[in-house]
Amino acid sequence: MNYDAWFQCSEGCGETYPLTEIIYRCKNCGGLLEVQHNMDVLKQRSAADWKSLFEQRYRRTQYPYGSGVWGKKELVCPNIDDNNIISMYEGGTNLFWAERFGEQLGLHDLWIKQCGNSHTGSFKDLGMTVLVSMVKQIIAESGNIRAVMCASTGDTSAALAAYASAAGIPAIILLPKAKVTREQLIQPIANGALTLSLETDFDGCMEIVQKLAGRKDFYLANSINSLRIEGQKTISIEIVQQFDWEVPDWIIIPGGNLGNVSALGLGFLMMYELGIIDKLPRIACAQAERANPLYRSYQTGFTEFSAITAQATQATAIQIGNPVSVHRAIRTLKRFDGIVDQATEVELANAAARADRTGLFNCPHTGVALAVLIKMVERKQIQPDDRVIVISTATGLKFPDFKVAYHNTAPGEPAPRYLNAPIELEADYEGVLKQIGTHLDA
Ligand SMILES: *Cc1c(COP(=O)(O)O)cnc(C)c1O
Ligand SMILES: [Zn+2]
């Protein structure tokens, strides 16, 4: 028997499709498709052997197995030929020990998983390497795809454009006009993608791209395509590996379209089934109050869900009112005894700035997760000795205006709590020394 994986309908009808088929929903019932693995074959290798295989490959040079994703190839996407893999050494990101920030909150074991320390600056690289490699494989086998495309809040498009251009495949990007940062916008432009800036929000872009996906010659790269979820689920495996195969107590993750929280859960469930771990963490999904459909559903015990129109938030990558993976996410949260909480604009900005002062440089979405962390500690949902991981989804360097606005508050506006404005003064030794003294004595 060989390692094998396929698409399977997640709504119970159980229909299966090969991973090389261009399909996003079940033909029978319209349900989302999930990648299913032949677990019997995977179980033939012992947990100890899996761990040592992953250790041998981790961050080494043998292409593509040094990648955090492809080092777990058998659990991710065994069907792809190595010579169709487009890898940029994804994963292997720092698990930052937030010693000082944790100390301020009364936590001894707080860690920030720096998923944004990656080729295009966000965790989206983890999924895109799998998706674009599969497209390359499909093209090699049948040659029927003319372009890959996505709707994006800025990070998916950057990842797709980079991997597609490395593969030599045309990319089409749909972005909501004026709702992504300059840094995010310039990435697909530089990589040569057709970049379409639409007069709508993300949900509006998503509607159009899903219609375009009806054509079989354009391949859809949004997270409705569960090949991306397979790559993203390596976040869980990597975190556990970084703790010498111990499972943390809590993981807090920002959620927008809700693919990543589902991916996180899948990674743990797979390790559990293979005996690599013997317990599961709890998961907290963090939403911006201005784009909080999952939080509202959680308030009803997940008995109801309604899409909303997302309001403008600084956490632009999660400004989503109609998340495509909502059902997967709810299933995940129920399985992991999960919670959902939210953060206001002031809370997310203060949380990001406060943690920045302890050596981080947080994006606004990580700020949402950090604000939820602070609330969970305050209501004693998280205990001082709990091992807690916050998933940082992107680098703060993609969101400079968020930080500039915070530290450049106009006179008359209330100063934010952790404001640190530059001081302008003459180039005069005595004056400089005096200023330093004032600062250090304050
Ligand atoms: C995509 C993204 C998210 C949200 O992930 P989902 O899978 O859509 O929930 C959060 N933060 C950043 C920086 C992102 O790019
Ligand atoms: Zn079905």
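Residues numbered from 1 in each chain as written. Chains lettered and ligands numbered in written order. Predicted model: local features only at pLDDT ≥ 70, side-chain atom pairs only at ≥ 80, totals over all residues. Heavy atoms only, no water.

K.L.:
In this structure, what is going on with the overall build of the chain? I would like to understand it.
P.N.:
Helix and strand counts for the chain stand at 17 helices and 13 strands. Taken along its principal axes, the extent of the C-alpha atoms in the chain is 75 × 50 × 50 Å. Within the chain, the proportion of its 442 residues that are buried is 60%. Residue pairs at least 24 apart in sequence account for 70% of intrachain contacts in the chain once pairs closer than 6 positions are excluded. Roughly 18,600 Å² of accessible area belongs to the chain as shown, and the carbon and sulfur atoms make up 49% of that amount. Each charge sign in the chain was given a centre, from 41 positive and 48 negative side chains, and these centres are 3 Å apart. (Helix = DSSP H or I, 4+ residues; strand = E, 2+ residues; numbered from the N terminus. Buried < 20%, exposed > 50% of the residue type's maximum accessible area, 1.4 Å probe, protein only. Contact = heavy atoms within 4.5 Å. Areas by Shrake-Rupley, 256 points an atom, 1.4 Å probe, with all protein chains shown as cover. Lys, Arg positive; Asp, Glu negative; His and termini not counted. Charge placed at Lys NZ, Arg CZ, Asp CG, Glu CD.)

K.L.:
Looking at this structure, I do not really get the packing of helix α11 (residues 259-273) against helix α13 (residues 326-335). What am I missing?
P.N.:
Between two packed helices, both the angle of their axes relative to each other and the distance between the axes serve to describe the pair. Axis separation between α11 and α13 bottoms out at 8 Å; the angle between their running directions is 45°. Taken together, the axes of α11 and α13 are oblique relative to one another. With respect to the hand of their crossing, α11 and α13 are arranged in left-handed fashion. Facing V261, S262, G265 and L269 of α11, the residues of α13 in contact are R328, A329, T332, L333 and R335. Here the residues of the contact of α11 with α13 sort into four nonpolar, three polar and two charged. (Axes fitted to C-alpha atoms, helices over the stretch in contact; angles between N-to-C directions. Parallel < 35°, antiparallel > 145°, perpendicular 65-115°, else oblique. Left-handed = near helix turned anticlockwise from the far one by under 90°. Nonpolar A, V, L, I, M, F, W, Y, C, P; charged D, E, K, R; others polar.)

K.L.:
Whenever I open this one, the packing of aromatic side chains confuses me. Can you help?
P.N.:
Centre-to-centre distance and the angle between the planes together describe a pair of aromatic rings. Counted according to the given criterion, the structure contains eight aromatic pairs. Measuring from centroid to centroid gives 5.9 Å for Y24 and Y219, while their planes differ by 65°, and the two rings are edge-to-face. A residue pair is termed long-range when its members are at least 10 positions apart, and Y24 in the loop between β2 (16-17) and β3 (33-37) and Y219 in strand β9 (residues 218-220) qualify at 195 residues. Here Y219 falls in the buried class, since its relative accessible area comes to 0%. Residues W111 and F243 carry aromatic rings whose centres are separated by 5.0 Å and whose planes lie at 90° to one another, so their mutual orientation is edge-to-face. With a gap of 132 residues between them, W111 in strand β5 (residues 110-114) and F243 in the loop between α10 (234-242) and β10 (250-254) connect regions that are remote in the sequence. The pair W111 / F243 is uniform in exposure class, with both members buried. In this structure an aromatic cluster arises from ring pairing among Y3, W50, F54 and W245. (Phe/Tyr/Trp six-rings, centres within 6.5 Å; stacked < 30°, edge-to-face > 60°.)

K.L.:
What is the right way to read the coordination of the zinc ion (ligand 2) from this model?
P.N.:
Tetrahedral coordination by four donors places them ideally at 109.5 degrees to one another around the metal; octahedral coordination by six donors ideally gives 90 or 180 degrees. Coordination of the zinc ion (ligand 2) by the protein involves C9 (SG), C13 (SG), C26 (SG) and C29 (SG), with metal-donor separations of 2.3 to 2.4 Å. Each of the four donor atoms bound to the zinc ion (ligand 2) contributes to angles spanning 96 to 127°, and the resulting shape is tetrahedral. Each donor residue of the zinc ion (ligand 2) lies on the same chain, and together they follow the pattern C-x3-C-x12-C-x2-C. (Donors = N, O, S within 2.8 Å, 3.2 Å for Na, K, Ca; no water. Tetrahedral: all angles 85-135°; square planar, octahedral: opposite > 155°, others 65-115°.)

K.L.:
I tried to follow the nonpolar core on my own but got confused; where do I start?
P.N.:
Inside soluble globular proteins, nonpolar side chains tend to come together where they are buried. Among the nonpolar cores identified, the biggest contains 105 residues, and C77, Y219, L227, F268, I276, L294 and I391 are the most heavily contacted of them. Of the residues forming this core, the biggest block, eight residues, is contributed by helix α5 (residues 124-141). For I276, the contacting residues outside a window of four places in its chain are A47, W50, K51, F54, W245 and M271. (Core = buried A, V, L, I, M, F, W, Y, C linked by side-chain atoms within 4.5 Å.)

K.L.:
What's the story with the pattern of salt bridges in this structure? I'm lost.
P.N.:
Any two side chains of opposite charge can pair, so long as their charged atoms come close to each other. Applying the stated criterion to the full structure yields 19 salt bridges. Between D217 and R146 there is a salt bridge; the shortest N-O distance is 3.3 Å. Residue D217 is found in the loop between α8 (202-212) and β9, and its partner R146 is found in the loop between α5 and β6 (147-151); the two are separated by 71 residues along the sequence. Note on R146: relative accessible area 54%, which makes it exposed. As a salt-bridge pair, E347 and K375 come within 2.9 Å of each other at their nearest N and O atoms. Separated by 28 residues along the polypeptide, E347 in helix α14 (residues 345-356) and K375 in helix α15 (residues 364-378) bring together distant segments of the chain. Salt bridges sharing partners connect three or more residues here, namely D109, E246 and R387. (Salt bridge = Lys/Arg side-chain N within 4 Å of Asp/Glu carboxyl O.)

K.L.:
Honestly, the sheet that holds β5 in this entry has me stumped. Any pointers?
P.N.:
Within a sheet, neighbouring strands are paired by backbone hydrogen bonds and run either parallel or antiparallel to one another. Strand order in this open sheet of six strands is β4-β5-β13-β10-β11-β12, and the pairing throughout is mixed. Strands with a single pairing partner mark the edges of an open sheet, and in this sheet they are β4 (95-97) and β12 (339-343). Going across the sheet, the axis of each strand differs from the next one's by a mean of 25°, ignoring polarity. Bridge count for β5 against strand β13 (residues 388-392) is five bridges, and the pairing is parallel. By the bridge assignment for β13, W111 is matched with I389. The sheet contacts of α11 involve β10, β11 (282-288) and β13, and relative to β10 the element is tilted by about 150°. (Pairing = 2+ DSSP bridges.)

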